[in-house]
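Here is how the chains run, residue by residue.
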Amino acid sequence: MGDKKIKWLIYTVIVGMLPILLRLLVWLVDKTKTVEPFSAADFVMFGLVLHISNINEIEHLQKLDKTWKTVQNGSSVVFITIYSVFFALTLLSGINPPLIDQTRIIYYAAALNVASLILSYTVYDRISLLSRSKRK
Amino acid sequence: MNPIEFVILTITTILFVSSLIIAAWSLIDTRKRYYYEYKQRKGR
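Residues numbered from 1 in each chain as written. Chains lettered and ligands numbered in written order. Predicted model: local features only at pLDDT ≥ 70, side-chain atom pairs only at ≥ 80, totals over all residues.

## Let's talk about the overall build of chain A
Condition: Comment: elements are numbered from the N terminus, with helices defined as DSSP H or I runs of at least four residues and strands as E runs of at least two. Note on burial: count the other C-beta atoms lying within 10 Å of the residue's C-beta; 20 or more is buried, 12 or fewer is exposed, in between is partly exposed, and C-beta positions come from the backbone. Whether two residues are in contact is decided by their C-beta atoms, placed from the backbone, lying within 7 Å.
Of the regular secondary structure elements, chain A holds four helices and zero strands. When the elements of chain A are put in sequence order from the N terminus, they spell out α-α-α-α. Along the first, second and third principal axes, the C-alpha set of chain A runs to 55 × 30 × 20 Å. When each of the 136 residues of chain A is scored for burial, the buried share is 31%. For chain A, the proportion of contacts with a sequence separation of at least 24, taken over those separated by at least 6, is 67%.

Written out as structure tokens, the structure is:
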């Protein structure tokens with residue numbers, strides 16, 4: 001695994017997942033079970049972290065193919081928009097519970113997180129390979 | 001399932017499937033474009 005991919009895994013994926021992991025840890029140690037094990041907001045934040053880091057990495061590399069850059073940037077913008085909608089729905093469901101089920105938003109956000117993780121991996125795979133081929 | 005949930009489910013499904021297609025395309029394109037070049041330089 002290249003340098004860039006390891007840095008991505010540690011700095012972006014693990015740090016982005018911290019809220020999810022910490023909530024789960026607190027839920028495990030909490031005897032009263034007042035804390036929910038999962039929250040849609042944590043999944044939304046993880047997705048946002050992944051896509052913002054994608055956009056940041058792509059913007060700083062001039063050597064990348066234009067079409068690929070456009071597709072990746074475009075998909076990141078779409079994902080950020082949808083995550084923002086999810087976040088708004090999470091807030092709205094707190095005010096008006098019959099509007100949307102919180103559990104469903106958690107499932108949808110988690111499913112999108114899997115897709116975001118795969119997309120982010122493809123971005124760092126290309127950047128890692130590009131930086132390795134430049135070094136040789 | 002209310003209309004809002006249906007719309008969100010539809011958008012999530014479309015986005016999930018399309019992102020998998022984009023990811024596959026991106027991986028194939030990366031291998032085609034850079035991997036051959038990288039291997040060649042490594043062999044020199």
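## As for the overall build of chain B
Within chain B, the secondary structure is distributed over one helix and zero strands. Here chain B, with 44 residues, has 16% of them falling under the buried criterion.

## A word on the nonpolar core
This is how it is decided: The term nonpolar core means buried Ala, Val, Leu, Ile, Met, Phe, Trp, Tyr and Cys residues held together as one set by C-beta atoms within 7 Å.
Ala40(A), Phe86(A), Ile105(A), Ala109(A) and Leu112(A) are the most contacted members of the largest nonpolar core, which has 28 residues in total. Elements with a contribution of two residues or more to this core: helix H2 (40-59), helix H3 (66-95) and helix H4 (102-135) of chain A together with helix H1 (3-43) of chain B. Counting residues per element, this core draws most heavily on H4(A), at twelve residues. Contact partners of Ala40(A), with chain neighbours within four places excluded, come to Phe86(A), Thr90(A), Gln102(A), Ile105(A), Ile106(A) and Ala109(A).

## Topic: helix H1 (residues 3-29) of chain A
Selection rule: Values of bend correspond, residue by residue, to the angle between axes fitted over the seven residues ending at that residue and the seven starting there.
At Leu18(A), H1(A) shows its largest bend, some 45°, and a proline, Pro19(A), comes one to four positions later. Listing the buried residues of H1(A) in full gives Trp8(A), Thr12(A) and Gly16(A).

## Re unusual backbone geometry
Here the phi dihedral of Lys33(A) falls at roughly 55°; this positive angle occurs in a residue that is not glycine. Structurally, the position occupied by Lys33(A) is in the loop between H1 and H2.

## Concerning the packing of H2(A) against H3(A)
All names here are of chain A. How we decide: All axes here are fitted lines through C-alpha atoms, helices being fitted over the stretch that makes contact, and every angle between N-to-C directions spans 0 to 180 degrees. Our angle categories are set so that under 35 degrees counts as roughly parallel, over 145 as roughly antiparallel, 65 to 115 as roughly perpendicular, and the remainder as oblique. Crossing chirality is assigned from the near helix's rotation relative to the far helix, an anticlockwise turn below a right angle marking it left-handed and a clockwise turn marking it right-handed. When residues are sorted by character, Ala, Val, Leu, Ile, Met, Phe, Trp, Tyr, Cys and Pro go into the nonpolar class, Asp, Glu, Lys and Arg into the charged class, and all the rest, Gly among them, into the polar class.
Contact geometry of H2 with H3 gives a least axis separation of 9 Å together with a crossing angle of 160°. Considered as vectors, H2 and H3 are oriented roughly antiparallel to each other. Considering only the axes of H2 and H3, their crossing is left-handed. Facing Ala40, Ala41, Val44, Gly47, Leu48, His51, Asn54, Ile55 and Ile58 of H2, the residues of H3 in contact are Lys69, Gln72, Asn73, Ser76, Phe79, Ile80, Tyr83, Phe86, Phe87 and Thr90. Classifying every residue of the contact of H2 with H3 by side-chain character gives eleven nonpolar, seven polar and one charged.

## Focus: the confidence of the model for chain B
Worth spelling out the cut-off: pLDDT expresses, on a scale from 0 to 100, how confident the predictor is about each individual residue.
Chain-level statistics for chain B give a pLDDT mean of 86 and a share of 84% at 70 or above. Interface scoring of the predicted complex returns ipTM 0.86; its pTM is 0.89.

## Let's talk about the packing of H1(A) against H2(A)
Residues and elements named next belong to chain A. Contact pair H1 / H2: the axes reach a minimum separation of 9 Å and the direction vectors enclose 175°. Classified by the angle between their axes, H1 and H2 sit roughly antiparallel to one another. Of H2, the residues touching H1 (which contributes Thr12, Gly16, Met17, Pro19, Ile20 and Arg23) are Asp42, Phe43, Met45, Phe46, Val49, Leu50 and Ser53. Its residues assigned to classes, the contact of H1 with H2 shows eight nonpolar, three polar and two charged.

## A look at the confidence of the model for chain A
For chain A, per-residue confidence averages 90 on the pLDDT scale, and residues scoring 70 or more make up 96% of the total. Looking at the elements of chain A, mean pLDDT is at its lowest for H4(A), recorded as 90, and at its highest for H2(A), recorded as 94.

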